[in-house]
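Working through the structure, step by step
Listed here are the chains, written in short residue letters.
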Amino acid sequence: GSVVNAIDNAGLKNNTMIYFASDHGGHLEAKDGKLQTGGWNGIYRGGKGMAGWEGGIRVPGIVRWPGIVPSNVKIDEPTSLMDIYPTVVHLGGGELPKDRIIDGRNLMSLLTRETLHSEHEFLFHYCGTQLHAVRWHQKESGAIWKAHYVTPVFFPDGAVGCYDIIICACEGDHVHHHDPPLLFELSADPSESNPLDTRVDPQYKSVLSRIKTAVTEHQKTISVVPQQFSFFYSLWKPWLQPCCGTFPFCWCDKEDRNVTGLLG
């Protein structure tokens, strides 16, 4: 509320777009003694570190822009935090780069209700470099399908979290590989409790075939880049840190203290 109040008090309410979101679902395994401190994901299965389950990837998306975005409207369409970038570029009058694939989509036509459907037909859910799940918005029927190729190994048995390693892993012995994939119709089963029966459900084969084609096309667009969480990239680089004191004692312990030096 403090940020919103500051915008309103400055007279910027009607020309400021506010987008409120989080980066992942609640961290189910986080505890302080017996008290769970990592949040709660309601009916949605899973949590932080689970790249496929809804509890890990479904997050709030709340937008305010008086006079531009209608108030008290619920938009039940798949969107992504990747959409923020192209939306802001559009609002700033810029152009998206032409030398790479941009996975996000401009949200403005959806937010202003000029269009009723998201531009995302497919969303690909990764854990690190591993594709764990794919979501398909079948616009003709309105159904939203999700296929799980990889899911975490929950511990202990019957839990919906990885309480042995605190946060679920992306690969190795801590994941299940599903062949055939698990398939859920999220529009009818948002808690992902009842996967379609591969043997008797007539839609399983056709839906998986369409998703498989989309994955093949998607993977053609991927460019390999250096691992951003490698040991080198994770090292502390003091020359990139603002120095508020005498180097190397660069802590900033007072809010009103000005930066006196900047290395690099």
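Per-chain numbering applies: the sequence of each chain, read as written, is numbered from 1 onward. For this predicted model, a pLDDT threshold of at least 70 governs which residues receive local features, and a threshold of 80 or more governs which side-chain atom pairs are given and counted, while totals over whole chains, interfaces and linings are taken from all residues. Water and hydrogen atoms play no part in the side-chain values, which are based on all heavy atoms of the structure.

An unreviewed UniProt entry lists the protein under the name Sulfatase N-terminal domain-containing protein, with Eleutherodactylus coqui given as the organism. What the UniProt record of the protein gives under Sequence similarities (unreviewed entry) is the line "Belongs to the sulfatase family." UniProt positions are given in the numbering used here, feature names are shortened, and annotations may be inferred rather than shown by experiment. UniProt's Cofactor (unreviewed entry) comment on the protein is quoted here verbatim: "Ca(2+)".

Working definition: with a 1.4 Å probe on protein chains only, accessible area under 20% of the residue-type maximum means buried, over 50% means exposed, and in between means partly exposed. The helix and strand labels rest on DSSP assignments: H or I over at least four residues marks a helix, E over at least two residues marks a strand, and numbering proceeds from the N terminus. If you check which residues of helix α5 (residues 202–220) are buried, you get Tyr204, Val207, Leu208, Ile211, Ala214, Val215 and His218. Along the axis of α5, the buried positions cluster into a sector of 125 degrees, meaning they face one direction only. With respect to the buried face of α5, the exposed residues turned more than 90 degrees away are Pro202, Lys205, Lys212 and Lys220. Residues of α5 that are buried sit in contact with β5 (122–127), β6 (130–138), β7 (143–152) and β8 (175–185). The definition of a polar contact used here is a pair of N or O atoms within 3.5 Å, where within protein one atom must be able to donate a hydrogen and the other to accept one, and adjacent residues in sequence count solely through side-chain atom pairs. Capping the start of α5 is the job of one residue whose side-chain oxygen sits 3.0 Å from the backbone nitrogen of Gln203: Asp201. Think of it as the arc spanned by the lines of direction from the helix axis to the C-beta atoms. The contact rule is simple, with two residues in contact once any of their heavy atoms fall within 4.5 Å.

Note on terminology: disulfide denotes any pair of cysteine sulfur atoms within 2.5 Å. Enumeration over the complete set of coordinates arrives at two disulfides. The residue that forms a disulfide with Cys127 is Cys170, at a sulfur-sulfur distance of 2.0 Å. Between Cys127 and Cys170, the disulfide has an S-S torsion of -65 degrees and is therefore left-handed. Taken together, the positions of Cys127 in strand β5 and Cys170 in the loop between β7 and β8 put the pair 43 residues apart, joining distant regions of the chain. On the basis of relative accessibility, which here comes to 23%, the residue Cys170 falls in the partly exposed class. At a sulfur-sulfur separation of 1.9 Å, the disulfide partner of Cys162 is Cys168. Where Cys162 bonds to Cys168 through sulfur, the torsion about that S-S bond is close to 95 degrees, and the disulfide is right-handed.

Within the open sheet, the four strands sit side by side as β5-β6-β7-β8. Their pairing is antiparallel. Across the chains shown, the open sheet's two edge strands, defined by having one partner strand only, are β5 and β8. Strand-to-strand twist of the sheet, defined as the mean angle between neighbouring strand axes without regard to direction, takes the value 15 degrees. At least two DSSP bridges between two strands are needed for those strands to be called paired. Simply put, an axis is a line fit to the C-alpha atoms, just over the touching stretch for a helix, and the angle between two N-to-C directions goes from 0 to 180 degrees.

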